Amino acid sequence: MQSMFACGCTSEEYVTRRLWLKARPPEECPYCSLKGLECSLVLHGYYDRVHPKGARVRRYRCTRTGRTVSMLADCLASHSCGDVDTMERIAKQREEKSSFGKIAAGVARRLYRPEQPIEGPLRWVKRRVSAVGGFLAAVVSLRPEELGGVEPTVTALRAHLGSERVLVELRHLAGAQLAGLDPPLGLRPRPLNAVLVPGGRFHKARGYRGPPGVRDAPD
Ligand SMILES: [Zn+2]
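What this report covers is the structure whose coordinates are included nearby. From a predicted model like this one, the values you see are computed outputs, not experimental measurements.

### Comments concerning the packing of aromatic side chains
Per the stated rule, a full pass over the model turns up one aromatic pair. Aromatic pair Tyr14 and Trp20: ring centres 5.6 Å apart, planes at 65°, arrangement edge-to-face. Relative accessible area serves as the criterion here: at 0%, Tyr14 is assigned to the buried category. The lysine or arginine in question, Arg94, covers the ring of Phe100, its NZ or CZ lying 4.0 Å from the ring centre.

Rendered as structure tokens:
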């Protein structure tokens, strides 16, 4: 399970400042609190992400159930490579009538190897533009008091919220309901079979790396 870590920075800053070391566990264990049980969450290492390179995600483990909670930074996509600011940028470009091909060429330069055919980046862009649209519509409907009547577009929500980071803002606004929204912006857990197929965990460069210990100590 994932929980949101409000790091309040870009993915580049997250990496250069090693902000996963600042992540703290949720106030309540997501596995036990709904059942009214008490437990403690203990450090359980981290996993490395494929992108942004060098990023790690801190994990905690519920001592009652043995299950883990990953503290995903608010700037990082869930169950998917890439970052949230990139998603917002490409959705905005699309709203401004840039072609998918042009947006994909820009993404390919940043995220893909030079020999990669454009079809991959093109699918990547289309999926994310669609995901942003679905996420904006979902949060606008979940938060009528704050967002009622606002068109669910990056452009309109930027104007309404006075922010250039609408997706991050909406992730926080959604709060606990983020766990019911689809990745890569929501934190809904993937179905079990989705993580068993080859490549299903490609956002993770490596899995669990030994017992928690010295490597988890803050700087
Ligand atoms: Zn627990």
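### Topic: the coordination of the zinc ion
Within the protein, Cys29 (SG), Cys32 (SG), Cys39 (SG) and Cys62 (SG) serve as the donor atoms for the zinc ion, at 2.2 to 2.3 Å. In primary-sequence terms, the residues that donate to the zinc ion follow C-x2-C-x6-C-x22-C. Linking Cys29 in the loop between α1 (11-16) and β2 (41-48) with Cys39 in the loop between α1 and β2, this pair joins segments that are 10 residues apart in sequence.

### Focus on the nonpolar core
Tyr14, Phe135 and Leu136 are the most contacted members of the largest nonpolar core, which totals 47 residues. Among residues more than four places away in sequence, those in contact with Leu136 are Pro152, Thr153, Val154, Leu157, Val166, Leu167 and Leu170. Core analysis: the next-biggest nonpolar cluster, separate from the first, contains eight residues, Cys81, Ile103, Val107 and Val125 among them.

### Re the packing of helix α4 (residues 119-142) against helix α7 (residues 166-174)
Contact geometry of α4 with α7 gives a least axis separation of 10 Å together with a crossing angle of 40°. Comparing their axes, α7 and α4 come out oblique. Handedness of the crossing formed by α4 with α7: left-handed. Along its contact with α4, which presents Val132, Phe135, Leu136 and Val139, the element α7 presents Val166, Leu167, Leu170, Arg171 and Ala174. Taken together, the residues that form the contact of α4 with α7 break down as eight nonpolar, no polar and one charged.

Calculation rules
Residues numbered from 1 in each chain as written. Predicted model: local features only at pLDDT ≥ 70, side-chain atom pairs only at ≥ 80, totals over all residues. Heavy atoms only, no water. Phe/Tyr/Trp six-rings, centres within 6.5 Å; stacked < 30°, edge-to-face > 60°. Buried < 20%, exposed > 50% of the residue type's maximum accessible area, 1.4 Å probe, protein only. Lys NZ or Arg CZ within 6 Å of the ring centre and 35° of its normal. Donors = N, O, S within 2.8 Å, 3.2 Å for Na, K, Ca; no water. Helix = DSSP H or I, 4+ residues; strand = E, 2+ residues; numbered from the N terminus. Core = buried A, V, L, I, M, F, W, Y, C linked by side-chain atoms within 4.5 Å. Contact = heavy atoms within 4.5 Å. Axes fitted to C-alpha atoms, helices over the stretch in contact; angles between N-to-C directions. Parallel < 35°, antiparallel > 145°, perpendicular 65-115°, else oblique. Left-handed = near helix turned anticlockwise from the far one by under 90°. Nonpolar A, V, L, I, M, F, W, Y, C, P; charged D, E, K, R; others polar.

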